[in-house]
Amino acid sequence: MKFNFKNGDYIKFNLVVRNLKNELVDDLNLKNQELILGHENESFKFNLNEIVIGHELTSEIIALQEYNEQTWKLNLEILDYKSSFEMNLMQINNKFLQELEIKNKILSDLKTEKNNLEITLKDTLEILKTLRSENQNKALTLPKEELEKAQKYALQKFVDDFSNPFSILKVAVNAGSNSNDQAVKNYVLGFNMVLNQVEDVLRNHGIIEFSPEIGSIFDPETSKVIEQIEDYEKPNNTVLKVTSSGLKLHDRVIKPAIVVVSKGKILENQESNKKKSTFKKKHHFKSKKQSKN
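Since this is a predicted model, take the numbers as computed values, not measurements.

Let us look at the sheet that holds strand β3 (residues 60-67). With antiparallel pairing, the four strands of this open sheet are ordered in space as β2-β1-β4-β3. Across the chains shown, the open sheet's two edge strands, defined by having one partner strand only, are β2 (30-36) and β3. Neighbour-to-neighbour, the strand axes of the sheet open up by a mean angle of 35 degrees, direction not taken into account. Both strand β1 (residues 10-18) and β2 contribute to a ladder of five bridges, which runs antiparallel. In the strand pairing of β2, I11 is matched with L35.

Laid out in structure tokens, this is it:
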């Protein structure tokens, strides 16, 4: 069974060109050139596809071809050959290796993040120990009421500083858990363990994560509006979406929840509150004016 060169095959070759007098033409010769059959290469003077495709597989091809209104004798020496099937396998293998490299990079980054989080957790525990020690020292100088308040809210600055990294960690873990890549999802399990440890530590020290209920009326004491969307099917300032949970230290809001609310119809009690607020402002203004007179 004979095999022929075909489209998609790869060849590496030398080309020796002679005129019809069998004289070498050095400026047309080629050495160590590569070609995927069926693809055009404008740097070649001759149409090698025409010569090679369909020709029986061999290490040397001799042919005549017209170029620049002359006929030339071409001697094509095949140095290397790969079938289109082999080329496809190589492409698939290269693509696999590229994807593997990307996944390894992701896993390496996740491993680094995990190590950083473990260090952060360790540092957090050290900070808590230090704060506890400082509070014990304050007990010797502060009145009881002030001491209780200081102890209760001693972690406020820490919670304030920690809230953003904590939110970013939760977003990263959620994104990894929802990834289509099983390797990433498996690796994120370790992050979940670290996150659970962090949440346990926070809860043990009175730091509570909270999230407004979807459909509830916006509470400015605990939440902050990032966007308002027109929706006249719902009461004005109805919570439509919570983009970020809030944090409380006992009963004190340290980080408000970030919400999207409706811009819709105003309920009677909301309108009444609005009128009362307007009346109070006017009355206050009149009182000030009268007092001046």
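An order of β5-β8-β9 is seen for the three strands of this open sheet, with the pairing classed as antiparallel. Here the strands that pair on one side only, and so sit at the sheet edges, are β5 (207-210) and β9 (252-255). Neighbour-to-neighbour, the strand axes of the sheet open up by a mean angle of 35 degrees, direction not taken into account. Relative to strand β8 (residues 246-249), β5 runs antiparallel, the two being bridged by four bridges. The residue of β8 that forms the bridge with I207 is L249.

By convention here, two paired aromatic rings are described through the distance between centres and the angle between planes. Applying the stated criterion to the full structure yields three aromatic pairs. With a centroid separation of 5.7 Å and 75 degrees between ring planes, the pair formed by F13 and F44 is classed as edge-to-face. Here F13, found in strand β1, pairs with F44, found in the loop between β2 and α1 (48-52); they are 31 residues apart in sequence, far enough to count as distant. Both residues of the pair, F13 and F44, count as buried. The aromatic ring of F210 is capped on one face by K248, whose charged end is 5.2 Å from the ring centroid.

The rules behind these values
- Residues numbered from 1 in each chain as written.
- Predicted model: local features only at pLDDT ≥ 70, side-chain atom pairs only at ≥ 80, totals over all residues.
- Heavy atoms only, no water.
- Pairing = 2+ DSSP bridges.
- Helix = DSSP H or I, 4+ residues; strand = E, 2+ residues; numbered from the N terminus.
- Axes fitted to C-alpha atoms, helices over the stretch in contact; angles between N-to-C directions.
- Phe/Tyr/Trp six-rings, centres within 6.5 Å; stacked < 30°, edge-to-face > 60°.
- Buried < 20%, exposed > 50% of the residue type's maximum accessible area, 1.4 Å probe, protein only.
- Lys NZ or Arg CZ within 6 Å of the ring centre and 35° of its normal.

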